[in-house]
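Each chain, written out:
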Amino acid sequence: MSLTCGIIGLPNVGKSTLFNCLSNVKVQATNFPFSTKEPNVGVITVPDDRLTKLAELVHPKRIVPTTIEIVDIVGLVKGSSKGEGLGNKYLANIRETDALIHVLRCFDDPNIVHIDGSIDPVRDKEILEMELQIKDLETIETRITRVQKQAQTGGDKQAKIVFEVLLQLKTALEQGKNARTVVFDTKDERKIVQELFLLTDKPVLYVCNVDEASAVTGNVYVQKVQESLMSDQAEILIVAAKIEGEIAELESWEERQMFLNEIGLTESGLNRVITAAYRLLNLETFLTAGPKEVRAWTYRKGSKAPICAGVIHSDIERGFIRAEVIKYQDYIHYKSESACRDAGKIGIEGKEYVVQDGDVVHFRFNV
């Protein structure tokens, strides 16, 4: 399953610093605009303590966590929707992602220039979103031109539905709202929106990049961002990317935890970002456990058993017979598959079973 989370923001807000922290791919992080000219791609390991706890019981030869892909996208500037800076390339890169991590600069540092000369994360957010909205409006208006005549005079019912959806989106965008704020009642309407691949329809996680002193409680900049997003019900995370980078360089888990404790954190900001990005992509994890490996597998939330079987191998989906499911907490409580079987804690599930996050699954199949 190839799903991508794009890191976006204005130049010099800390996108590349955050990307370097999250991934093992080291990219240029400078205080000059457009130091990132091409999208950098990295693979993130999704933290999951359940793997470790299962491995303590099963003693496998290896542990295999699940991953997601992230892309560090070149910084946007005012006028990007019209091709300013590296705008056209930037917008094309965003269109190819499934969700967005929007980094906002919430720290003062005279050594790192701001492209607009002052620190104002709310203004930065509005600049970026306005550029995306302008581009989406162009897309909508082009589609309206194509379908309007057919919808109004051709008697085509589907064209009428498409036309009404386009008009609702157009109204929202003209009001400075993002496409994802428009609520549609039916699956058909939602499918029409999805097929437009609108930039402002993508789910977004806002990351406030702060200094070390603000890593726990935030600061006045973070407060302004929170106030500006109250009506959006958007998720906001506070991360001190520079300090997280220093923590990530430490060799042992104990050293990293000690550093976190010293600045008042119980969990790495990076782990919180990764977990939030995973949710943003509407992903969940099922597990497999055996002597060869304990492994996490990624699937879209709401998927049925045969689809999840196909995540492992297409042959398993094609020849699916049943899924033998142990709830994670039951596995930990009874400490082995055989003990779960004896206790009647293995569910025998068919093709209609919707896999749940944390299910420990063994698929039976025949091809």
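Residues numbered from 1 in each chain as written. Predicted model: local features only at pLDDT ≥ 70, side-chain atom pairs only at ≥ 80, totals over all residues. Heavy atoms only, no water.

Peer 1: Would you take a moment to explain the packing of helix α8 (residues 241-249) against helix α9 (residues 253-262) for this structure?
Peer 2: In helix packing, the relevant descriptors are the interaxial angle and the interaxial distance, both defined with respect to the helix axes. One way to put it is that α8 packs onto α9 with a least axis distance of 8 Å and a crossing angle of 150 degrees. One way to sum up the angle between α8 and α9 is to call them roughly antiparallel. On α9, the residues touching Ile243, Glu246, Ile247 and Ala248 of α8 are Arg256, Phe259 and Leu260. Broken down by class, the residue content of the contact of α8 with α9 amounts to five nonpolar, no polar and two charged. (Axes fitted to C-alpha atoms, helices over the stretch in contact; angles between N-to-C directions. Helix = DSSP H or I, 4+ residues; strand = E, 2+ residues; numbered from the N terminus. Parallel < 35°, antiparallel > 145°, perpendicular 65-115°, else oblique. Contact = heavy atoms within 4.5 Å. Nonpolar A, V, L, I, M, F, W, Y, C, P; charged D, E, K, R; others polar.)

Peer 1: Explain the sheet that holds strand β2 (residues 40-45) here, please?
Peer 2: Reading across from one edge, β2-β4-β1-β5-β6-β7 is the order of the six strands in this open sheet, with mixed pairing throughout. The outermost strands of the open sheet, each flanked by one partner alone, are β2 and β7 (235-239). On average, each strand axis in the sheet is inclined to that of its neighbour by 25 degrees, with strand direction left out of account. Sheet topology places strand β1 (residues 4-8) next to strand β4 (residues 67-72); four bridges connect them, and they run parallel. Looking across to β4, one finds that Thr4 is bridged to Glu69. Set on the sheet, helix α1 (residues 15-22) makes contact with β1, β2, β4, β5 (99-105), β6 (204-209) and β7; between it and β4 the angle comes to about 155 degrees. Strand contacts of helix α7 (residues 220-228): β5, β6 and β7, with the helix running at about 170 degrees to β7, the strand carrying the most contacts. (Pairing = 2+ DSSP bridges.)

Peer 1: I would appreciate a short explanation of the side chain of Thr288 in the present structure.
Peer 2: Within the secondary structure, Thr288 sits in strand β8 (residues 283-289). Among the polar contacts listed, one links the side chain of Thr288 to the side chain of Trp297, at a separation of 2.9 Å. Apart from the residues lying within four places of it in its own chain, the contact partners of Thr288 are Glu293, Val294, Arg295, Trp297, Ile312 and Val361. (Polar contact = N/O pair within 3.5 Å; in protein donor to acceptor, adjacent residues only side chain to side chain.)

Peer 1: Would you take a moment to explain the packing of aromatic side chains for this structure?
Peer 2: For any pair of aromatic rings, the description rests on two quantities: the centre-to-centre distance and the angle between the ring planes. Under the defined criterion, the tally for this structure stands at four aromatic pairs. Where Phe286 meets Trp297, the ring centres are 6.3 Å apart and the plane angle is 15 degrees; that geometry is what we call stacked. Of this pair, Phe286 sits in strand β8 while Trp297 sits in strand β9 (residues 293-300), and the two are eleven residues apart along the sequence. Judged by relative accessible area, which is 12%, Trp297 ranks as buried. A network of ring pairs unites the aromatic residues Phe286, Trp297, Tyr299, Phe320 and Phe363 as a single cluster. Across the ring face of Trp297, the terminal group of Arg295 is positioned such that the distance to the ring centre comes to 4.2 Å. (Phe/Tyr/Trp six-rings, centres within 6.5 Å; stacked < 30°, edge-to-face > 60°. Buried < 20%, exposed > 50% of the residue type's maximum accessible area, 1.4 Å probe, protein only. Lys NZ or Arg CZ within 6 Å of the ring centre and 35° of its normal.)

Peer 1: What am I meant to see in the layout of surface pockets here?
Peer 2: Approximately 770 Å³ is the volume attributed to the largest pocket. Considering the residues around the largest pocket, the lining is formed by 27 residues, among which Arg256, Ser268, Leu270, Asn271 and Ile274 are closest to the centre. Elements with a minimum of two residues in the lining of the largest pocket: α1, β2, α8, α9 and α10 (269-280). Grouping the constituent residues of the lining of the largest pocket by class yields 13 nonpolar, eight polar and six charged. When its volume is computed, the second largest pocket comes out at roughly 640 Å³. Every residue lining the second largest pocket is counted, 26 residues in all, and those nearest its centre are Arg180, Arg190, Asp201, Lys202 and Pro203. Among the secondary structure elements, those contributing two or more residues to the lining of the second largest pocket are α6 (187-194) and β6. When residues of the lining of the second largest pocket are assigned to their parent elements, the largest contribution, three residues, is made by α6. When grouped by side-chain class, the residues that make up the lining of the second largest pocket number ten nonpolar, seven polar and nine charged. (1 Å grid on protein atoms, 1.4 Å probe; cavity = no way out; pocket = protein on both sides within 12 Å on 5 of 7 lines; lining within 4 Å. Points joined across faces, edges and corners; volume = space filled by probe spheres on them.)

Peer 1: What should I look at first to understand the nonpolar core in this one?
Peer 2: Counting 31 residues, the largest nonpolar core has Ile8, Tyr90, Ile94, Cys106 and Val225 as the members making the most contacts within it. Listed by contribution, the elements that provide at least two residues to this core are α3 (87-95), β5, α4 (121-153), β6, α7, α8 and α9. In this structure, Cys5, Val46, Ala99 and Leu280 belong to the second largest nonpolar core, which totals 30 residues. (Core = buried A, V, L, I, M, F, W, Y, C linked by side-chain atoms within 4.5 Å.)

Peer 1: What is the right way to look at helix α11 (residues 305-312) in this model?
Peer 2: Because an α-helix packs 3.6 residues into every turn, residues spaced three or four apart end up facing the same way. All of the buried residues along α11 are Ala305, Pro306, Cys308 and Ala309. Axial view of α11: buried residues confined to an arc of 160 degrees, hence all on one face. Those residues of α11 that are buried are in contact with β8, β9, α12 (314-318), β10 (320-326) and β12 (360-365). (Arc of directions from axis to C-beta.)

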